[in-house]
Amino acid sequence: PELGVYFNVAQLDFNSLYPTIIAEYNISPETVGRPDCSSYFEVPEVGHRVCLDVRGVVPAVLEDLVRRRQRIKDSLREADRYLREVLDERQAALKWVLVASFGYLGYRNARFGKIEAYESVTALARYVLKKAVAVAEREGFKVLHAIVDSVFVTKEGAEEEDYVRLAEAVAEEVGISVKVEALYDWVVFPPTSRGAGAPTKYFGRLRGGGIKVKGIKAVSEAYPPVVRKAQREAIEVLARARNREEFTEAVSKALKVVEGWIERVLTGSVDPEDLVIKRRLRKVKYVSRQPHVIAARAAGIKGGYVEYVMAATPYPIDLGIRGYSRKYYLSALKKVLSEVKEISEYIK
C-alpha cells in the first residue's frame, strides 16, 4: 500500500478464497497437468492446464466444507450470544482445515500434493484480485491496498450501502462471494524500515468504535511488553478520533503516551515484568551468542520458551538481578515514538 492515513475506508474480503478457487477450478494433483485430457482450463500467468474431464479429489472434498462454513457464518447473524460463540468456533475450525488443505498442496511429501497445483491456486488468486481491483476502480473507488484475499477501498462521501454494492459487484464479476469485512473511520498503513508501505501491517478505528491491529509491534511477541504497551496505548489515544481534525489533534496526545513510557525506563520506575523478552527455542543445541541462547544456557533450558531481560552488560539477565539495559529498551521505544511522529506527516 501507499503509506498514509486514510479516512472512510472499507475492507472487502473474499469468502474462503483459496479453497473456493480449488473447488471452482477443479484444482487437484491428478487434474493439473493430466495427460490425455479432452477438456481443460489454462491457468493465467503460469500456463498450467487443469483437466475438466474428471472431478478432482481435493475440490470434491473442499466444496462441501466451503458451503458448510458459509452456512454457519450466515446463521451467526441471527444466533443468540451462546450459540454465536459455538458457531464462530465451528466456522473457525473449518477455516483452518481449509487453509491447511491449500498449504498441503505445496508440501513435497503430501499424498495429495503437487507444486503445480499450488502454483495454480496462487496464480488464480492474483487473477481474481486484479479483477476485483479493476471493478472497484471502474465504480469510482480508490484502491488503497490489496493482498491475498482482502481489498481496502475508499471513496469520498461513500456510505456502508455503497461499499456493500461494491462487494456485490465484485462477487458477480469474479464468481466468488465477497463481504464487507470492516468499515473504518480511518486506517493507517505504516512504513517499512525502507520507507515503503508495509503490505501486512495496518491499524485503524472501526466505525462505531473499536480498533483493528495487524502486524505491528503492539501485537508482536517479538517485542517486550514495554514496547507493545506503549504502541497499543498510543493507538488507543488515536482511536478516540473519528475524523481528520480530531486525528491530527490526537497525534500529539499519543506522543505524550510514548514519552511517558520512555520516562519510566529512564527513571527505573518501569515494572520489571514489562521488560521481559520471550523467545522460543527451536533447536536443542545452539552455538550462537544471541541473547536468548545465552539466557537459555544460563537457565539450563533446552526447549520451549526462554524469558530474560536485556542487561546493561553484554549478557541477558533473569528477573532476579537488578540492572537492565536502558539503551536497549529506549532504542525500541524511540522507534515507536518516531513512528507516531511520522503519522502526522502523511495524513491523506
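Just so you know, these numbers come straight off a predicted model, no measurement behind them. (Residues numbered from 1 in each chain as written. Predicted model: local features only at pLDDT ≥ 70, side-chain atom pairs only at ≥ 80, totals over all residues. Heavy atoms only, no water.)

## Digging into the packing of helix α6 (residues 225–238) against helix α9 (residues 326–343)
- Two numbers describe how α6 lies on α9: the axes approach to 9 Å, and their chain directions differ by 20°. In terms of their interaxial angle, α6 and α9 are classed as roughly parallel. Helix-helix and strand crossings are classified by hand; for α6 and α9 the assignment is right-handed. Of the residues in α9, those in contact with Val-226, Val-227, Ala-230, Gln-231, Ala-234 and Leu-238 of α6 are Tyr-329, Ala-332, Leu-333, Val-336, Glu-339, Val-340 and Ile-343.
- Here the residues of the contact of α6 with α9 are counted per class, giving 11 nonpolar, one polar and one charged. (Axes fitted to C-alpha atoms, helices over the stretch in contact; angles between N-to-C directions. Helix = DSSP H or I, 4+ residues; strand = E, 2+ residues; numbered from the N terminus. Parallel < 35°, antiparallel > 145°, perpendicular 65-115°, else oblique. Left-handed = near helix turned anticlockwise from the far one by under 90°. Contact = heavy atoms within 4.5 Å. Nonpolar A, V, L, I, M, F, W, Y, C, P; charged D, E, K, R; others polar.)

## Looking at the pattern of salt bridges
- Taken as a whole and judged by the stated rule, the model has 15 salt bridges.
- The residue Glu-42 makes a salt bridge to Arg-49 at a minimum N-O spacing of 3.9 Å.
- For Arg-49, a relative accessible area of 43% corresponds to the partly exposed category.
- Here Glu-339 and Lys-217 are joined by a salt bridge, their closest N and O atoms 2.5 Å apart. Here the residue Glu-339 occupies a position in helix α9, and Lys-217 occupies one in the loop between β8 (211–214) and α6, the gap between them amounting to 122 residues.
- The exposure class assigned to Glu-339 is partly exposed, which follows from its relative accessible area of 27%.
- One network of salt bridges, in which partners are shared, links Arg-138, Glu-139 and Glu-173. (Salt bridge = Lys/Arg side-chain N within 4 Å of Asp/Glu carboxyl O. Buried < 20%, exposed > 50% of the residue type's maximum accessible area, 1.4 Å probe, protein only.)

## Some thoughts on the sheet that holds strand β7 (residues 202–206)
- Strand order across the open sheet formed by six strands is β4-β5-β1-β6-β7-β8, with antiparallel pairing between neighbours. Looking along the sheet, the strands with just one partner apiece sit at the ends: β4 (142–147) and β8. Sheet twist, expressed as the mean angle between neighbouring strand axes with direction ignored, is 30°.
- Sheet analysis places β4 next to strand β5 (residues 150–154), joined by five bridges and oriented antiparallel. Along β5, the bridge assignment pairs Lys-142 with Thr-154. (Pairing = 2+ DSSP bridges.)

## Comments concerning the nonpolar core
- Counting residues in each nonpolar core, the largest one holds 48 residues, and the members touching the most others are Trp-186, Phe-203, Val-226, Leu-238, Phe-247, Tyr-329 and Ile-343.
- Mapped onto this core, the elements with two or more residues apiece are β1 (4–14), β6 (178–189), α6, α7 (244–267), β9 (277–281), α8 (291–299), β10 (304–310) and α9.
- At nine residues, the largest contribution of residues to this core is made by α7.
- Setting aside its immediate chain neighbours within four residues, Val-226 contacts Trp-261, Val-265, Val-270, Asp-274, Leu-275, Tyr-329 and Leu-333.
- Core analysis: the next-biggest nonpolar cluster, separate from the first, contains 46 residues, Val-58, Leu-129, Val-174 and Leu-183 among them. (Core = buried A, V, L, I, M, F, W, Y, C linked by side-chain atoms within 4.5 Å.)

By themselves these figures say nothing about function.
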